[in-house]
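# Fold and geometry: a report
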Amino acid sequence: VLMDKNADQPLPPASMSKIMTINMLFEALRDGRVTMETEFAVSSRAKAMGGSTMFLQETDRPTVNELIHGMIVNSGNDACVVVAEGLAGTEEAFSAQMTERARALGMTNSTFANSSGWPDPNHRMSMRDLGILAQHLIEDFPEYYPIFAETEFNYKDRAPANARNRNPLLELGVGADGLKTGHTQEAGYGLVGSAKQGDRRIIFVITGLTSDEARAEESERIVAWAFRQFS
């Protein structure tokens, strides 16, 4: 750890916690419970989710591959609920599974109340836990991790305004290749990110920024600092 500040404080993680939902789906793929072509049903509850969306309808049968892209690139709250219900039956059961799996991964300050990071007083992650989870995704799922670097996904051409990946570092040429932004009024603007230059990879997590511009500037500063000040 090159630097930490309040790293173990449980905070509202907003959409950054979607990488735990994504992790649960990656593990289901690894265990053979689903394939990239497996189709999931869309409930009325999933379709009704507010906030960021991949614009799913109840008649859709999105594949696991499409749902992964919808969660990563579009930050789709609807996609998260579809995955939760598809893997565990209900979002409540899935949230309990997420919390249990987090403990097994050494994430001691994380408790999940939903699959999307929707504001809930019982939905918390520490920034250290997000870093642990990011490292797990990068090291254990090299076949799926490159999806985090994709900049655009537009399910059935429904989401032109929401098709762009919000990660501000991906197109700056600093080696950034993941992972996930987050924003709610309560949490502020956050990013769990990673970048690789040569043989070195750094992972960083920030939250509580006041705007997406501030998040972009701070993220770029942290990446530059980590690569230039340490060998």
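Now for a description of the structure that goes with this document.

Definitions and limits used
- Residues numbered from 1 in each chain as written.
- Predicted model: local features only at pLDDT ≥ 70, side-chain atom pairs only at ≥ 80, totals over all residues.
- Heavy atoms only, no water.
- Helix = DSSP H or I, 4+ residues; strand = E, 2+ residues; numbered from the N terminus.
- Buried < 20%, exposed > 50% of the residue type's maximum accessible area, 1.4 Å probe, protein only.
- Contact = heavy atoms within 4.5 Å.
- Areas by Shrake-Rupley, 256 points an atom, 1.4 Å probe, with all protein chains shown as cover.
- Expected span 1.5 Å × (residues − 1).
- Phe/Tyr/Trp six-rings, centres within 6.5 Å; stacked < 30°, edge-to-face > 60°.
- 1 Å grid on protein atoms, 1.4 Å probe; cavity = no way out; pocket = protein on both sides within 12 Å on 5 of 7 lines; lining within 4 Å.
- Points joined across faces, edges and corners; volume = space filled by probe spheres on them.
- Nonpolar A, V, L, I, M, F, W, Y, C, P; charged D, E, K, R; others polar.

Our focus in this paragraph is the overall build of the protein. Regarding its fold elements, the protein presents seven helices and three strands. In sequence order, the secondary structure elements of the protein are arranged as α-α-α-α-α-α-β-β-β-α. Based on the C-alpha atoms only, the size of the protein along its principal axes is roughly 50 × 35 × 35 Å. When each of the 231 residues of the protein is scored for burial, the buried share is 53%. Nonlocal contacts in the protein, meaning residues at least 24 apart in sequence, comprise 60% of its contacts between residues at least 6 apart. If you sum the accessible surface of the protein, you get close to 10,400 Å²; carbon and sulfur atoms cover 47% of it.

A few words on helix α7 (residues 212-229). What sets the pattern is the α-helix's 3.6 residues per turn: residues three or four places apart point alike. In this model, α7 (18 residues) spans 25 Å end to end at C-alpha, consistent with the 26 Å of a helix rising 1.5 Å per residue. Within the sequence span of α7, burial applies to Ala 214, Arg 215, Ser 219, Ile 222, Val 223, Ala 226 and Phe 227. Looking at the packing, one finds that the buried side of α7 touches β1 (176-184), β2 (188-197) and β3 (200-209).

What follows concerns the packing of aromatic side chains. Taken as a whole and judged by the stated rule, the model has six aromatic pairs. Taken together, a centroid distance of 5.4 Å and an interplanar angle of 55° make the contact between Phe 26 and Phe 141 tilted. With Phe 26 in helix α1 (residues 18-30) and Phe 141 in the loop between α6 (127-140) and β1, this residue pair connects regions lying 115 residues apart in the sequence. Judged on exposure class, the residue Phe 26 and its partner Phe 141 are both buried. Ring centres of Phe 141 and Tyr 144 lie 6.3 Å apart, and the angle between their planes is 25°; this geometry places the pair in the stacked category.

So, about empty space enclosed by the protein. Counted according to the given criterion, the structure contains two cavities of 30 Å³ or more. Estimated volume of the largest cavity: approximately 40 Å³. Around the largest cavity, the lining residues are Ile 72, Val 73, Ser 75, Asn 165, Arg 166, Asn 167, Leu 179, Lys 180 and Thr 181. If you tally residues by element for the lining of the largest cavity, the top one is β1, at three residues. Along the lines of polarity and charge, the residues of the lining of the largest cavity split into three nonpolar, four polar and two charged. The calculated volume of the second largest cavity comes to roughly 30 Å³. Every residue lining the second largest cavity is listed: Pro 12, Pro 13, Ala 14, Gly 117, Trp 118, Pro 119, Asp 120, His 123, Arg 124, Thr 184, Glu 186 and Ala 187. Split by residue class, the lining of the second largest cavity holds six nonpolar, three polar and three charged.

This part covers helix α3 (residues 64-72). With seven of nine residues buried, α3 lies mostly within the body of the structure. Turning to α3, its buried residues number three or more, namely Val 64, Leu 67, Ile 68, His 69, Gly 70, Met 71 and Ile 72. Next to the buried residues of α3 lie α1, α4 (77-88) and β1.

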